[in-house]
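The chain contents come next:
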Amino acid sequence: MTHNPLPHEAPWWRHAVIYQVYPRSFADQDGDGVGDLPGITSRLPYLAELGVDAIWISPFYRSPMADAGYDVADYRDIDPLFGDLSDADALIARAHELGVRVVIDLVPNHTSDQHAWFQAALAAGPGSPERERYVFRPGRGDGTEPPNNWESVFGGGAWTRVTEPDGTPGQWYLHLFDDTQPDLNWDNPEVVEEFQDVLRFWLDRGVDGFRVDVAHALIKDPELPDWHGRAVMANGGDGETAHTHLGPMWDQEGVHEIYRGWRRLLDSYNPTGDPAQDRILCAEAWLPTQERTMRYTRADEMHQAFNFHFLQSPWRVDDVTEVVEASLVAAEAVGAPTTWVLSNHDVVRHASRLGLPVGTPRPNGIGALEPQPNAVLGLRRARAATTLMLALPGSAYLYNGEELGLPEHTALPDAVRQDPAFHRTAGEETGRDGCRVPMPWTAAAPSFGFGPGEESWLPQPDLYGVFAVDRQQGVEGSTLELYRTLLRLRREHDLGVGGLEWLDLGPEVLAFRNARGDGTPVTVITNFGEEPVALPEGTSVLVCSGRLHEGMLGQDTTVWLS
Ligand code: GLC
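Owing to the predicted nature of the structure, the values given are computational and were not obtained by experimental measurement.

**Q** Can you walk me through empty space enclosed by the protein in this structure?
**A** Summary: where empty space remains is shown by rolling a probe the size of a single water molecule over the atoms. Tallying each qualifying case throughout the model produces six cavities of 30 Å³ or more. Residue lining of the second largest cavity: Phe-310, Leu-311, Ser-313, Trp-315, Val-320, Leu-342, Arg-353, Leu-354, Ala-385 and Leu-388, and that is the complete set. Of all the elements in the fold, those that place two or more residues in the lining of the second largest cavity are helix 9 (308-311) and helix 12 (375-389). In terms of residue class, the lining of the second largest cavity is made up of eight nonpolar, one polar and one charged.

Structure (C-alpha cells):
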C-alpha cells in the first residue's frame, strides 16, 4: 500500500537520524582506556559533519559497571570513569551549539545493588518500607526455594536470597537481569515519584529526551506466577527465535500508565507546543508483534519505539519488504513515526550478522570457535541494508562504528569478556562484548586513536586499523563517505518525512518511490537476486551502496535514483 508524506515542518523526532554513542567505547580523553564524556564532546564536530540530528548516549551514571552501566547506583550523577556533571553539561551545551540534540538512557526497571535504596532495603529487613521499593518475597517451602521459577534474561535464576541484618538466611529479591540489578517495585508510588524527579533533573539540564531501557518490564503480573519459558530479549526473527508467548514479566498493561505520566511531564517542558522544543521518549521493548510494540507510542505515551522487527529480518526480499510495510502500517495505526535500526550495543554488528548464512537465528555474540561470518558479503549487505534504511520515511538509529562498516570482534579471548550473559551461562552464550570494542579513529596511533593510552578496555582486533576514520575520510567509496552522502541526500530530499509508494521491478527486487507532496521523488532499489537489474529509463544515480556493473545493479546492492 501507499504511505502518505508528512508536512515539511513535522517535529524533529518524526524523521531524526539518531546516533548511539556507547560511552565506554567512543573516545577516551584521559587515557585510562575507557571512553569518557570529554572524549565524546571532542568528537561532536565529527558527528555534526556526519550529518546526524541527535545522539543517544548509553548510561553514563554512577555505576559499579556490572552490566556496563545498565546497573545504576545514582541516577543524578556521572560515573567518575566518564567524568562529572560539569562534563555532562559541557557535552550538552556543545552538542546544542552544533545543532545536535542529546537523548540519554534511562534505566527504570532495576537499579544497581549498590544503589542507596537497595543498600537501605538490605539493612532494614523484611516488612520495611525500604524493601517495598523492590520485589522481595519469602522463599517457597522452608524458604530455601525461590518464590517462583523465573529465569534471568542473562541466564540462571531470576531470584537471589539475601542474608538478613541478623545474619540469618532471609528473603529473596527479583532480578530479571544480573543479580546485581534488583528490579524495582513499580506498584509503589514512591518509585513513580522518584523517577519523575530523575526525569526533571535531566530535563532541567537540557537533555532532549530519554531512551527507556526494557520499557516493557516495569510492571509484573502481581501473582508472580510460574512460567515455563526463558525470558529472552528477542522477537520476530526467523524460525527458532520467533517468540510469541511472552511471560508474566513483560508487557503488562500497567506499564502504559507510567509512560502517560512521563509524557505529561515532558510536554510540560514545552508549554507552547513548539515542535522544535519537543523532548522525547523512545521505548526499548522487545515484543513479538509490531502492534504490541507500537502501543507504547500511542498519542499520549512515548514518541518512538525501536523497531527490532526490522533489525531481525532475514536478508530476503520478501521478509524485508514485509517488515517495512508492516512497520509503516503499525506506526500509522497509532499516528507515530516508524523507527529503523540495524545495530546497537546488544546485537552482533550488522556488517557481521548479515555475513552469516541467511536464516541463521540471531546469535548472542560470535566466538572464535563458532562459524565465522563472511566479512566481504556481510559488509556488502550491510551497506545495502543501511542505504535502504536511510531512504525510508521515519526516524533511524545508527550505532557508533557502523558508519565505518566495523565488523564484530569475533575473536575476543574469554578472559576479557565482561558481559554478564557470558558468565551467567558459563560461556554458552558468547555475549555482547564483540560489538562494544572501542572505535578506531587513527590507523597509525596507539589504540587506533581511541585515546592517548596503548590499551583499551576491550582489545581492538588488528583489522580495525583499516576501518579507522582517518583511512576512510575523503576516500571515495569508503563506508564513512557513503554514510555522509546518504545523510546529506536524505536531508536534502526530505526522505524522513516522505511518502512511500511501492514499485514492482521483479521478484528479487525491493523498490519504492519516496516523495514529499511537492518534491521530486527518489527511487530506491535493492537487488537481492543474482540477476543484475537494469535501472529505470530516464533516471540518474544519486548514490549507490556498491558499484554498478555496466549500468546494472548487482546483487546485495541498493541505489537511490532521481
Ligand atoms: C537493555 C540494554 C542492555 C542491558 C539490559 C538490562 O536491554 O540495552 O544492554 O543489559 O537492558 O538493563
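Moving on from the coordinates now.
**Q** Would you take a moment to explain the pattern of salt bridges for this structure?
**A** Where charged atoms from two side chains of opposite charge approach closely, those side chains can pair. Per the counting criterion, the structure on display carries 35 salt bridges. Between Asp-213 and Arg-211 there is a salt bridge, and its shortest N-O distance comes to 2.8 Å. Taking relative accessible area as the criterion, Arg-211 reaches 2% and is therefore assigned buried. Residue Arg-260 pairs with Glu-257 through a salt bridge whose shortest N-O separation is 3.0 Å. Here Glu-257 and Arg-260 lie together in helix 7 (residues 255-268), a separation of three residues that amounts to about one turn. Each of Asp-67, Asp-346, Asp-419, Arg-432 and Arg-436 takes part in one network of salt bridges that share partners.

**Q** So what exactly am I meant to see when it comes to the site of the ligand here?
**A** Taken together, 15 residues are adjacent to the ligand, and Asp-67, Asp-213, Glu-284, His-345 and Asp-346 come closest. Within the side chain of His-345, one N or O atom sits 2.9 Å away from an oxygen atom of the ligand. Asp-346 is positioned with one of its side-chain polar atoms (N or O) 2.5 Å from an oxygen atom of the ligand. Alone, the ligand offers 300 Å² of accessible surface; in the complex the protein occludes 99% of this. Here the residues of the shell around the ligand sort into five nonpolar, three polar and seven charged.

The rules behind each value
Residues numbered from 1 in each chain as written. Predicted model: local features only at pLDDT ≥ 70, side-chain atom pairs only at ≥ 80, totals over all residues. Heavy atoms only, no water. 1 Å grid on protein atoms, 1.4 Å probe; cavity = no way out; pocket = protein on both sides within 12 Å on 5 of 7 lines; lining within 4 Å. Points joined across faces, edges and corners; volume = space filled by probe spheres on them. Helix = DSSP H or I, 4+ residues; strand = E, 2+ residues; numbered from the N terminus. Nonpolar A, V, L, I, M, F, W, Y, C, P; charged D, E, K, R; others polar. Salt bridge = Lys/Arg side-chain N within 4 Å of Asp/Glu carboxyl O. Buried < 20%, exposed > 50% of the residue type's maximum accessible area, 1.4 Å probe, protein only. Near = heavy atom within 4 Å. Polar contact = N/O pair within 3.5 Å; in protein donor to acceptor, adjacent residues only side chain to side chain. Areas by Shrake-Rupley, 256 points an atom, 1.4 Å probe, with all protein chains shown as cover.

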